[in-house]
Amino acid sequence: MTLRVYYESEEAIPEALRPHYAPGPAGGFVFQAEDLAATTAEITRLGEALAQAEEARLAAAVEAACATTQVRAEARAEVLQAARAAFADSAASPAALTEWLETRRREGPGPWWDLPAGGGIPPVRLGAAVPNPFARDTLNLTEQGRLLRTQPELARVLRDQAR
């Protein structure tokens, strides 16, 4: 439907559009552009609010999926950006995002997850020929720190032996 700017008489204006026309200075009835500008501004504002709500919904869904799949906290912003690209044309539910993340994880360990550590390292035997980092002859502060973090009991025993 084409919107006319001018009508000769009020009867010529369609009933639904009459509130948007006013008497013109030279006679006839003229469309009130201010109404159109206000309506356009309202539509723009509503569109922006909808986009913000959609972004907040996606961020919440990504956060829930990241928690479920144990994504590192430092990587969650990157996951959100990747999810925006992957789900640009469709709504992303937490279940769909979780499945997407699990698929990505099965493809291979990436920077989004912590790598497993420590499970395959054999324990150090006290009788082995491992230098004692606490002893004066083989002092090693780096190794002392590592032992204190990873094997505090062994560190205590080695420290006591070195005294």
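Caption draft 1: Representation of the side chain of N132 in the model. Position of N132 among the secondary structure elements: in the loop between α3 (94–106) and α4 (141–150). N132 sits in the buried class, given a relative accessible area of 13%. With near-sequence residues (within four places) excluded, N132 lies in contact with T138, L158, Q161 and A162.

Caption draft 2: Seen up close, the packing of aromatic side chains. Summed over all chains, the structure comprises 2 aromatic pairs. Centroid distance Y7 to Y21: 5.3 Å. Interplanar angle 75 degrees. Geometry classified as edge-to-face. Of this pair, Y7 sits in strand β1 (residues 6–7) while Y21 sits in strand β2 (residues 21–23), and the two are 14 residues apart along the sequence. Summarising the aromatic geometry, the rings of Y21 and F31 are spaced 5.5 Å apart at their centres and angled 65 degrees between planes, so their arrangement reads as edge-to-face.

Caption draft 3: A look at the environment of G24. Along the chain, the position of G24 falls in the loop between β2 and β3 (29–31). Taking the C-alpha atoms as reference points, G24 and Y7, 17 residues apart in sequence, are found 9.5 Å from one another. In contact with G24, not counting residues within four places along its chain, are F29 and V30.

Caption draft 4: Looking closely at the side chain of T98. Here T98 is to be found in helix α3. Judged by relative accessible area, T98 falls into the buried class, the value being 13%. What T98 contacts, discounting residues up to four positions off in sequence, is A65, T68 and T69.

Caption draft 5: Up close: the confidence of the model for the chain. Summarising the model, the chain shows a mean pLDDT of 80, and 85% of its residues fall at 70 or more. Per-element confidence in the chain ranges from a low mean pLDDT of 79 for helix α1 (residues 33–69) to a high of 90 for α4.

Caption draft 6: Summary view of unusual backbone geometry. We note that Q70 has phi near 60 degrees; this positive angle belongs to a residue other than glycine. Along the polypeptide, Q70 turns up in the loop between α1 and α2 (76–86).

Caption draft 7: Main features of the packing of α2 against α3. Close contact between α2 and α3 brings their axes to 12 Å; oriented N to C, the two are set at 110 degrees. Taken as axis vectors, α2 and α3 run roughly perpendicular relative to one another. Residues V79, A82, A83 and A86 of α2 lie in contact with α3, whose contacting residues are L97, W100 and L101. Tallied by class, residues from the contact of α2 with α3 come to 7 nonpolar, no polar and no charged.

Caption draft 8: Highlighting helix α5 (residues 152–162). Within the sequence span of α5, burial applies to L154, A155 and L158. Relative to the axis of α5, the buried residues are bounded by an arc of 100 degrees and lie together on one face. Buried residues along α5 sit in contact with α4.

Caption draft 9: Layout of the pattern of salt bridges. Counting across every chain of the model gives 9 salt bridges. Linking R76 and E63 is a salt bridge whose minimum nitrogen-to-oxygen distance equals 2.5 Å. Within this pair, whereas R76 is found in helix α2, its partner E63 is found in helix α1, the two being separated by 13 residues in sequence. Judged by its relative accessible area of 40%, E63 falls in the partly exposed class. Between R72 and E74 there is a salt bridge, and its shortest N-O distance comes to 3.1 Å. Its relative accessible area of 25% is what places R72 among the partly exposed residues. The exposed category is assigned to E74, whose relative accessible area is 62%. Within this structure, E153, R156 and D160 form a network of salt bridges that share partners.

Rules and cut-offs
- Residues numbered from 1 in each chain as written.
- Predicted model: local features only at pLDDT ≥ 70, side-chain atom pairs only at ≥ 80, totals over all residues.
- Heavy atoms only, no water.
- Helix = DSSP H or I, 4+ residues; strand = E, 2+ residues; numbered from the N terminus.
- Buried < 20%, exposed > 50% of the residue type's maximum accessible area, 1.4 Å probe, protein only.
- Contact = heavy atoms within 4.5 Å.
- Phe/Tyr/Trp six-rings, centres within 6.5 Å; stacked < 30°, edge-to-face > 60°.
- pLDDT = per-residue confidence, 0-100.
- Axes fitted to C-alpha atoms, helices over the stretch in contact; angles between N-to-C directions.
- Parallel < 35°, antiparallel > 145°, perpendicular 65-115°, else oblique.
- Nonpolar A, V, L, I, M, F, W, Y, C, P; charged D, E, K, R; others polar.
- Arc of directions from axis to C-beta.
- Salt bridge = Lys/Arg side-chain N within 4 Å of Asp/Glu carboxyl O.

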